[in-house]
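Results of the structural survey
Residue strings, one per chain:
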Amino acid sequence: MKASIKNVVIAGFVSIAAAALIGCADTDTTEAYNPPVEVVHVPTAVTNVPPTTNSTTVTTQYGNGTVEKQTTTDYNPGYTSLGPPYRTTVVPAVPATTTTSSTTVTDY
């Protein structure tokens, strides 16, 4: 007789646990929240490279005492480096906030 009471008690606990587990199950189907975003096209930075010069001087002295000085200068013109016309940035949209205030005046 003891074994049957024990089995009934165990079966009762198992059924209560099963009911609790089913009661905790999420029966609502929810979709993932995707916050609103805004795609912004940001112009890329323009880099100005200034012109440069590179000078080389050579001095030659000949046997008859004549000295010749020759200077060579290489010029590199300035230029502007550009990246792509724009870069795309995704910015989370900030929801508009509404502020509500109320004032209650009581006269006695």
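Here goes a summary of the coordinates provided. Not measured: the values here are computed from a predicted model.

**Topic: the overall build of the chain**
- Along its length, the chain carries one helix and six strands.
- Listed N to C, the secondary structure of the chain is α-β-β-β-β-β-β in terms of helices and strands.
- Classification of the 108 residues of the chain by burial places 0% in the buried group.
- Taking all contacts inside the chain whose residues are at least 6 apart in sequence as the whole, residues at least 24 apart take part in 63%.

**Some words on the environment of E68**
- Its location among the elements puts E68 in strand β4 (residues 67-76).
- Residues E68 and V58 lie ten residues apart in sequence; the distance between their C-alpha atoms is 8.2 Å.
- Side-chain polar atoms of E68 contact the side chain of Y62, separated by 3.4 Å.

**Quick look at the environment of V58**
- Inspection of the secondary structure assignment puts V58 in strand β3 (residues 52-61).
- Residue class for V58 comes out partly exposed when judged on its relative accessible area of 44%.
- Excluding residues that lie within four positions of it along the chain, V58 makes contacts with E68, K69 and Q70.

**Observations concerning a nonpolar patch on the surface**
- Among the surface-exposed residues, I5, V9, F13 and I16 lie close enough to one another that they form a single nonpolar patch of about 430 Å² accessible area.
- By the secondary structure assignment, I5 is in helix α1 (residues 2-24).

**What about the pairing of β3?**
- Here β3 pairs with β4 via ten bridges, running antiparallel. When the bridges of β4 are listed, S55 appears paired with T73.
- Between β3 and β4, which pair antiparallel one after the other, the connecting turn spans five residues, and G65 there sits at a positive phi close to 95°.

**Structural notes on the environment of Y62**
- Within the secondary structure layout, Y62 lies in the loop between β3 and β4.
- With a relative accessible area of 42%, Y62 lands in the partly exposed category.

Analysis parameters
Residues numbered from 1 in each chain as written. Predicted model: local features only at pLDDT ≥ 70, side-chain atom pairs only at ≥ 80, totals over all residues. Heavy atoms only, no water. Helix = DSSP H or I, 4+ residues; strand = E, 2+ residues; numbered from the N terminus. Buried < 20%, exposed > 50% of the residue type's maximum accessible area, 1.4 Å probe, protein only. Contact = heavy atoms within 4.5 Å. Polar contact = N/O pair within 3.5 Å; in protein donor to acceptor, adjacent residues only side chain to side chain. Patch = residues over 30% accessible without salt bridge, like charges linked within 9 Å, V, L, I, M, F, W, Y side chains within 5 Å. Areas by Shrake-Rupley, 256 points an atom, 1.4 Å probe, with all protein chains shown as cover. Salt bridge = Lys/Arg side-chain N within 4 Å of Asp/Glu carboxyl O. Pairing = 2+ DSSP bridges.

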